[in-house]
Amino acid sequence: MRIKQLIVTAALAAGLAGTAAHAGDTIRIATEGAYPPFNFIDESGEVKGFDVDIARALCEEMEADCKLVTQDWDGIIPGLINGKYDAIIASMSITPERQEAVTFSAPYYSNKLQFIAPKDSDFDPTADLEGMTIGAQRATIAAQWLADNLGDSVDIKRYDTQENAFLDLASGRLDAILADKYVSWEWLNSKDGSAYEFKGDPVYDDDKIAIAVQKGNTELADRFSDAIKAIREDGTYQRINEKYFPFDIY
Amino acid sequence: MRWSVILENLPQLLHGAWLTLELVLVSGVLGLAIAVPMAIVRCSRFASVRAFPWVYIYFFRGTPLLVQIFLVYYGLGQSPWVRDSLLWPVLSQAYWCAIIAFTFNTSAYTAEILRGAIQAVPEGEVEAARALGMGRVVTWRRIVLPRAFRIALPAYSNEVILMLKGSALASTITLLDLTGMARTIIARTYTPLEIFLAAGVLYVLITFLILGGFRLVERRLNRHLRPRTGH
């Protein structure tokens, strides 16, 4: 009897939670906070950036109450799997490996991978790179690309944040960095990055960036996908895009 | 739980464990070499002589190891003056930056442990040595230092184990030590529980190894205290 009651109560609670997921619900969203201009922490300690603006716009569109948390990059998928938050909006690329672990929404922007190196260097991605030291952020598709394509010939250095990789390129420890084009674009336009430039064509240009939710939670993924479509149609997306880039990154 | 993922990545984890062991041993030996003179100077009767080791120990014990390792790796690399200096071939390598930061850090703690041990050597033994006609240097070499090492050993083994755990910070400056390797594997497999568990077990094994080494040294140093067995 008791057990039956428990089961009924649990089922009711689950049902309630199910319906509550629609109106005025709370969605916990994780971002990294060290990936300008997509997500970063400003002088006052607030998280800002393209991802954050998109997250806010999507939540408004979905009429959901969103709580934003920051999480170090290499623990961001494990944290989602363990239920510390419901979604990741942190410039995450869709990859087959990640699709084994999480479910993705429709893409909200497209990215390319491109090398950067000092302007006075004759670094050429199409030449023989044997013996070079190349940096990338740990647990990114750039690090994965390097391991898959150049793992045997170059020394790959992995950094906790993209900012640390740029710092080490500036100190001369690296011959080049492979990173997301728009993140590099932002850095190359800054004072620190003025002595560096893109080298060669993007080595990978079909990188789709999407929102990750817990594996199998297609309901939430679809809500995000619909909301992305909606903000794209009503011009909200374009307004956010213009704040950061003079070109459309969708 | 995917246990097979541990097995698949075990060679890499062992590779990382080896680097961890190397970092701890190299910085441990170098740290000890700095700590001994530092502790002796720290016991000087003159305040002006004591001042340098005091500042050194105060600085390295008073700041987090993470800050020290970042200062050596990212901090020094910022200045063009350092990049053009003769030291750059060393400082440009993450490995040596980690060794430098760990060495300074552990030498400060070890010097303080030794300082306490030197002061704990019974006054009577020093007086006895003097009464036998030993000079200051001979007294230090034959009586004070050997006694102090014996007294310091248990506390020093603690410091080495703390250093082992501190060495995980090497992963923040791109080194693939046990922690760095574990994080790199997890970046591909998304199995933090399994891989960190395996890394934890390896850390425990290294700790046993270090403790075993200390037990051997302790037995050797204290062999005169063991009851004599017949010939």
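Residues numbered from 1 in each chain as written. Chains lettered and ligands numbered in written order. Predicted model: local features only at pLDDT ≥ 70, side-chain atom pairs only at ≥ 80, totals over all residues. Heavy atoms only, no water.

Going by what an unreviewed UniProt entry lists, chain B is known as Octopine transport system permease protein OccM and is assigned to wastewater metagenome. What UniProt states about chain B under its Subcellular location (unreviewed entry) heading is, verbatim, "Cell membrane". (UniProt positions renumbered as here; feature names shortened; annotations may be inferred.)

Going by what an unreviewed UniProt entry lists, chain A is known as ABC transporter arginine-binding protein 1 and is assigned to wastewater metagenome. For chain A, the Subcellular location (unreviewed entry) comment in UniProt is given as "Cell envelope".

> I'd like to hear about the confidence of the model for chain A, residue by residue, with values.
Taken over all residues, the pLDDT of chain A has a mean of 90, while the share at 70 or more is 90%. Mean pLDDT values over the elements of chain A span from 50, in helix α1 (residues 2-20) of chain A, up to 97, in helix α8 (residues 218-233) of chain A. (pLDDT = per-residue confidence, 0-100. Helix = DSSP H or I, 4+ residues; strand = E, 2+ residues; numbered from the N terminus.)

> I'd like a rundown of the nonpolar core, residues and numbers included.
Membership of the largest hydrophobic core comes to 64 residues, with the highest contact counts inside it found for Phe38, Phe50, Leu58, Tyr108, Tyr109 and Phe224 of chain A together with Leu23 of chain B. Inspection of this core shows a minimum of three residues originating in each of domain 1 (24-110 + 207-244) and domain 2 (111-205) of chain A. Beyond its immediate stretch of four places on either side in the chain, tyrosine 109 of chain A contacts Phe38, Phe50, Asp51, Ser91, Tyr182, Asp207, Lys208, Ile209, Tyr237, Ile249 and Tyr250 of chain A. (Core = buried A, V, L, I, M, F, W, Y, C linked by side-chain atoms within 4.5 Å. Buried < 20%, exposed > 50% of the residue type's maximum accessible area, 1.4 Å probe, protein only. Domains from an automatic or database assignment. Contact = heavy atoms within 4.5 Å.)

> Outline the pattern of salt bridges, listing residues and values.
One pass over the full model with this rule turns up 14 salt bridges over all chains. Note that arginine 28 of chain A is salt-bridged to aspartate 86 of chain A, the shortest N-O span being 3.1 Å. With arginine 28 of chain A in strand β1 (residues 26-31) and aspartate 86 of chain A in the loop between α3 (76-81) and β6 (87-93), the pair connects residues that are 58 residues apart, well separated along the chain. Overall, arginine 28 of chain A belongs to the partly exposed group, its relative accessible area being 32%. Salt bridges sharing common partners tie together Asp74, Arg138 and Asp160 of chain A together with Arg183 of chain B. (Salt bridge = Lys/Arg side-chain N within 4 Å of Asp/Glu carboxyl O.)

> Please give an account of unusual backbone geometry that cites residues and values.
Following proline 36 of chain A, the chain continues to proline 37 of chain A via a peptide bond in cis, the omega torsion being 0°. Here proline 37 of chain A lies in the loop between β2 (34-35) and β3 (39-41). Look at alanine 139 of chain A: it is not a glycine, yet its phi comes out positive at around 65°. On the secondary structure map, alanine 139 of chain A appears in the loop between β8 (133-137) and α5 (141-150). Its relative accessible area of 14% is what places alanine 139 of chain A among the buried residues. With a phi angle near 75°, threonine 174 of chain B is a residue other than glycine that sits in the positive phi range. Along the polypeptide, threonine 174 of chain B turns up in the loop between α8 (136-166) and α9 (178-189).

> Quick rundown of the UniProt feature "transmembrane region" (unreviewed entry) in chain B? Include the residues and the values.
Residue and element names in this part refer to chain B. In the UniProt entry, the feature "transmembrane region" (unreviewed entry) is given for residues 20-41, 53-74, 86-105, 151-175 and 195-217. Helix makes up 100% of residues 20-41 and strand 0%, and the two end C-alpha atoms of the span are 31 Å apart. In this annotation, residues 151-175 is assigned 64% helix and 0% strand; the end-to-end C-alpha distance for the span is 35 Å.

> Tell me what's going on with the interface of chain A and chain B, and back it up with residues and numbers.
Counting residues at the interface gives 19 residues for chain A and 24 residues for chain B. Counting each side, the surface lost to burial between chain A and chain B is near 1,800 Å², with a carbon and sulfur contribution of 51%. If you look at where chain A meets chain B, you find two salt bridges. A salt bridge links arginine 183 of chain B to aspartate 160 of chain A, with the shortest nitrogen-to-oxygen separation between them at 3.0 Å. Our count for the contact surface shared by chain A and chain B stands at 12 residue pairs in polar contact (both at pLDDT 80 or more). Elements with a minimum of two residues in the side of chain A that touches chain B: α3, α4 (96-101), β9 (155-159) and α6 (162-170) of chain A. Per-element tally for the side of chain A that touches chain B: the top contributor is α6 of chain A, with four residues. Taken together, the residues of the side of chain A that touches chain B break down into seven nonpolar, three polar and nine charged. (Buried area = accessible area lost by both parts, 1.4 Å probe. Polar contact = N/O pair within 3.5 Å; in protein donor to acceptor, adjacent residues only side chain to side chain. Nonpolar A, V, L, I, M, F, W, Y, C, P; charged D, E, K, R; others polar.)

> Summarise the environment of arginine 232 of chain A; cite the residues concerned and give the values.
Residues and elements named next belong to chain A. You can see arginine 232 is positioned in helix α8. Expressed as a C-alpha distance, the spacing of arginine 232 and tyrosine 250, which sit 18 residues apart in the sequence, is 9.0 Å. Each residue touching arginine 232, except ones within four places of it in the same chain, is listed here: Tyr237, Gln238, Asp248 and Tyr250. A polar atom in the side chain of arginine 232 sits 2.7 Å from the side chain of aspartate 248.

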